[in-house]
Amino acid sequence: MAGAVVAASGDVPQFEGKITVYIIICVIIGAFGGLMFGFDIGISGGVTSMDDFLKDFFPSVYRKKQHAHEDNYCKFDDQYLQLFTSCLYIAALVASFAASSACTKLGRKPTMQIASLFFMAGVVLTAAAVNVAMLILGRLCLGFGVGFANQAVPLFLSELAPANIRGALNICFQLFVTIGILAANIINYFTAKIHPYGWRISLATAGIPALALCLGSLAICETPTSLIERQKLEEGRAVLKKIRGVDNVDNEFDSLVFASEQAMKVTNPFGKLMNRSSRPPLIIAILLQIYQQFTGINAIMFYAPVLFQTVGFGSDASLLSSVITGLVNVFSTLVSVYAVDRAGRRFLLLEAAVQMFITQTAIGIILAVDLKPTGTLHKAEAIVVVLLVCIFVAGFAWSWGPLGWLIPSETFPLETRTAGYAFAVSSNMLFTFVIAQAFLSMLCNMKAGIFFFFAAWILLMGLSAFFFLPETKGVHVDSIVETVWKQHWFWKRFMDEVEDIKAKTPDMIHPHVT
C-alpha cells in the first residue's frame with residue numbers, strides 16, 4: 001500500500017479522504033457550542049445597558065447613568081455590575097479542568113452534551129432571577145457550560161477534520177461565536193423596547209443554541225481519536241470511514257492507533273505537561289489566550305453598548321452600533337475560514353496585529369483629544385470611532401479570535417492534548433475574567449488611555465508571533481512534534497528530551513510502513 005510514513009522522518013503524512021456531507025453536519029452541530037458562547041457575550045453586554053435591568057438589580061448604576069454631570073468614563077463603574085458579566089469566566093476556568101477529564105474518559109461528544117445541560121440551567125436561573133444572588137448563581141451555571149463547551153468543541157472539530165481543511169472547519173467554532181454575538185445584539189435591540197421585562201426575554205433566548213447543541217449532538221458521532229483512545233478500535237475505524245467517505249483509511253487509522261499507544265504510556269498528562277519537551281505548545285497556547293484578551297476585544301464586545309453611549313450615542317443608537325460591529329465580526333470571520341488554510345496562520349496574525357494596533361491607537365487619540373468627562377463627541381467623530389471599532393473587530397475576527405482557539409487545539413500531541421487544551425481554555429477564561437471585571441474601572445481611571453494600554457499589548461503580541469509562532473498549516477495533528485516543533489529555530493532546543501527517549505527506545509518510532 002502506498003503512503004508509508006515514519007514518524008521520525010519529518011514528512012507530513014497524507015491520508016485518503018474527501019469532504020462528506022456527514023462531516024459538515026457534525027461540524028455545524030458541534031459549532032453550536034460556539035454559538036452558545038457568543039450568545040452569552042452579546043446578551044450580557046446588551047442587558048447591562050438596559051435601564052429596566054439596571055433599575056431592578058443595580059439601582060446605583062442606574063442613578064449615576066441618569067446624571068448628565070457624571071463623568072462619561074465612570075458612569076457605569078460598578079463592581080457588582082462587572083461581577084454579573086465576569087463571574088461566568090471564573091466558573092468556566094474551574095470547569096475546564098473537569099471538562100478535560102470528561103473529554104478523555106467519556107469522549108468529546110458527551111462533554112458537549114454536559115455543557116448544554118449546564119448552560120440551559122443557567123439560562124433558566126438568570127431569566128427568572130429576582131435578586132442579584134440568583135443572577136450570579138445562574139451566571140456560574142452558564143460558566144460551567146462555557147467551560148465544558150470551549151474545552152470539547154475545538155478538539156472535536158480538529159480531530160474530525162482532514163488536515164488540509166482543519167483550519168477552516170475548526171474556525172466554524174469562532175464563526176458561530178460571532179453569529180451568536182450578532183444574533184444577541186439584534187435581539188437586544190428589539191427587547192430593549194419591551195418594558196419592563198425585555199431583559200428577561202434576552203436572557204431566555206440564550207437557551208436556544210444550548211438546546212440545539214443538546215438535541216443535535218444525538219445525531220453526530222464521536223471523534224475517531226477519542227474512540228481509539230478509549231480502546232474502541234473497530235468503532236473508531238468505522239467512524240473514520242464514515243467521515244472520510246472512503247474505505248481505505250488504514251494509514252490514518254494506524255497513525256491514530258500509534259498516537260493512542262504512545263498516549264497510554266503517559267499516566268499523568270498534567271505532569272507530562274511540565275516536562276521540557278511539552279513547554280513549546282503549552283507556552284504558545286497560554287500566550288495566545290493572554291494576547292487574545294489583551295487586544296481589548298472582549299472589552300469592546302462585552303461593553304459595546306456602554307462604550308457607544310460613552311462617546312455620545314443614545315441607548316437605541318448604541319445597541320444598533322453593536323449590531324453593525326456584530327455583522328462585521330461575522331463576515332470577517334468568514335474571511336478567516338477562506339484564508340487560514342491558504343495564507344496560513346502566521347500571516348493572518350501578523351497582518352491583523354498591525355491593523356489592530358493602528359485602530360486602537362487612533363481611537364485613543366480621538367477620545368483623549370475630544371471626549372471630555374462631561375461632554376460628548378461630535379456626531380462625525382462618534383461615527384469615526386464606530387468605523388475604527390469595526391476595522392479593529394474585522395482584524396481580530398479573521399486572526400487572533402479564531403486562531404486563538406485553533407492553534408492550541410492542533411499543536412499538542414495526543415498524550416497531552418486534553419490536558420494542554422484545558423490550560424488554554426482556563427487561561428482564556430482567567431484573562432477574560434480579568435478584563436470583564438476590570439474594564440469599566442479601567443475606563444473610569446485610565447479614560448482614553450485604556451486604548452493605548454491595549455495598543456501596547458497588540459505591539460507585543462505581534463512581535464511574539466513573528467519570532468516564536470510556528471506555522472501549522474496542513475500539518476496532521478498527530479505529526480505535530482516532528483513537523484513543527486522540531487523544525488522551529490527556537491523551540492527545537494526543547495525537543496532534545498524527545499530525541500533522548502527515542503534513542504533509548506527505538507521501538508517507539510512510528511512503525512507506519514505498509
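None of these values were measured; they are calculated from a predicted model. (Residues numbered from 1 in each chain as written. Predicted model: local features only at pLDDT ≥ 70, side-chain atom pairs only at ≥ 80, totals over all residues. Heavy atoms only, no water.)

1. A word on the overall build of the chain
Inference 1: In terms of regular secondary structure, the chain is built from 25 helices and zero strands.
Inference 2: Expressed as a percentage of its 514 residues, the buried residues of the chain come to 61%.
Inference 3: Counting every atom, the chain has about 18,400 Å² of accessible surface; 69% of that belongs to carbon and sulfur. (Helix = DSSP H or I, 4+ residues; strand = E, 2+ residues; numbered from the N terminus. Buried < 20%, exposed > 50% of the residue type's maximum accessible area, 1.4 Å probe, protein only. Areas by Shrake-Rupley, 256 points an atom, 1.4 Å probe, with all protein chains shown as cover.)

2. Section: the packing of aromatic side chains
Any pair of aromatic rings gets described here by the distance separating the centres and the angle formed by the planes.
Inference 1: Taken as a whole and assessed by the stated rule, the structure comprises 30 aromatic pairs.
Inference 2: Ring geometry for Tyr189 against Phe190: centres 5.3 Å apart, planes inclined by 80°, an arrangement best described as edge-to-face.
Inference 3: Ring centres of Trp491 and Phe494 lie 5.5 Å apart, and the angle between their planes is 45°; this geometry places the pair in the tilted category. Just as Trp491 is buried, Phe494 falls in that class too.
Inference 4: Aromatic ring contacts, followed pair by pair, group Phe466, Phe467, Phe468, Trp485, Trp489, Phe490, Trp491 and Phe494 into a single cluster.
Inference 5: Sitting over the face of the ring of Phe84, Arg139 holds its NZ or CZ atom 4.9 Å from the ring centroid.
Inference 6: Geometry around Phe253 places Arg237 over its ring, the cationic atom sitting 4.0 Å from the centre. (Phe/Tyr/Trp six-rings, centres within 6.5 Å; stacked < 30°, edge-to-face > 60°. Lys NZ or Arg CZ within 6 Å of the ring centre and 35° of its normal.)

3. With respect to unusual backbone geometry
Inference 1: Here the residue pair His195 and Pro196 is connected by a cis peptide bond, since its omega of 0° sits within 30 degrees of zero.
Inference 2: The backbone phi angle of Gln231 is positive, close to 65°, even though this residue is not glycine.
Inference 3: Residue classification places Gln231 among the partly exposed residues on the basis of a relative accessible area of 45%.

4. Structural notes on the nonpolar core
Inference 1: Of all hydrophobic cores here, the largest spans 143 residues; its most connected members are Phe53, Trp400 and Met429.
Inference 2: Here this core gets 11 residues from one element, more than from any other, and that element is helix H7 (residues 132-160).
Inference 3: The residues contacting Phe53, other than those within four sequence positions of it, are Val47, Thr48, Phe58, Leu81, Phe84, Leu135 and Trp199. (Core = buried A, V, L, I, M, F, W, Y, C linked by side-chain atoms within 4.5 Å. Contact = heavy atoms within 4.5 Å.)

5. So, the side chain of Glu252
Inference 1: With respect to the helices, strands and loops of the structure, Glu252 is situated in helix H13 (residues 250-264).
Inference 2: With a relative accessible area of 6%, Glu252 lands in the buried category.
Inference 3: When near neighbours in sequence (up to four residues on either side) are disregarded, Glu252 contacts Phe15, Glu16, Leu240, Arg244 and His476.

6. Quick word on helix H21 (residues 400-411)
Inference 1: Over its 12 residues, H21 extends 16 Å from the first C-alpha to the last, a length consistent with the 16 Å expected when each residue adds 1.5 Å.
Inference 2: The buried fraction of H21 amounts to 12 of the 12 residues, a majority that puts the element mostly inside the structure.
Inference 3: Of the positions making up H21, those classed as buried are Trp400, Gly401, Pro402, Leu403, Gly404, Trp405, Leu406, Ile407, Pro408, Ser409, Glu410 and Thr411. (Expected span 1.5 Å × (residues − 1).)

7. Side note on the environment of Ser409
Inference 1: With respect to the helices, strands and loops of the structure, Ser409 is situated in helix H21.
Inference 2: In the structure, Ser409 is positioned 124 residues away from Ala285 in sequence and 8.6 Å away in space, judged by C-alpha atoms.
Inference 3: Polar side-chain contacts of Ser409 include one of 2.7 Å to the side chain of Ser158. (Polar contact = N/O pair within 3.5 Å; in protein donor to acceptor, adjacent residues only side chain to side chain.)

8. Digging into helix H12 (residues 233-244)
Inference 1: Taking 1.5 Å per residue as the helical rise, H12 with its 12 residues ought to reach 16 Å, and the 16 Å between its terminal C-alpha atoms agrees with that figure.
Inference 2: Where H12 is concerned, the buried positions are Gly236, Val239, Leu240, Ile243 and Arg244. Along H12, the residues classed as buried sweep out an arc of 120° about the axis, all on the same side.
Inference 3: Tucked inside the fold, the buried residues of H12 contact helix H1 (21-30), H7, helix H11 (224-229) and H13.
Inference 4: Once H12 ends, the next one or two residues include Gly245, with phi positive near 75°. (Arc of directions from axis to C-beta.)

9. Some words on the environment of Ile43
Inference 1: The residue Ile43 is located in helix H2 (residues 32-47) in this model.
Inference 2: You can call Ile43 buried: its relative accessible area is 2%.
Inference 3: Through-space distance from the C-alpha of Ile43 to that of Leu182 is 9.5 Å; in sequence the pair is 139 residues apart.
Inference 4: Not counting chain neighbours up to four residues away, the residues in contact with Ile43 comprise Ala184, Ile187, Asn188, Ser202, Leu203 and Thr205.

10. Section: the pattern of salt bridges
Inference 1: The full count for this structure, using the stated rule, is 12 salt bridges.
Inference 2: Here Lys55 ties to Asp52 by a salt bridge, and the two come within 3.8 Å at their closest N and O atoms. Taken together, the residues Lys55 and Asp52, both in helix H3 (residues 51-57) and three residues apart, mark about one turn of the helix.
Inference 3: Take Lys55: its relative accessible area is 41%, and that puts it in the partly exposed class.
Inference 4: Judged by its relative accessible area of 11%, Asp52 falls in the buried class.
Inference 5: A salt bridge links Asp341 to Arg345; its shortest N-O distance comes to 2.9 Å.
Inference 6: Note on Arg345: relative accessible area 0%, which makes it buried.
Inference 7: Residues participating in the shared-partner salt-bridge network are Arg108, Glu159, Glu229 and Arg417. (Salt bridge = Lys/Arg side-chain N within 4 Å of Asp/Glu carboxyl O.)

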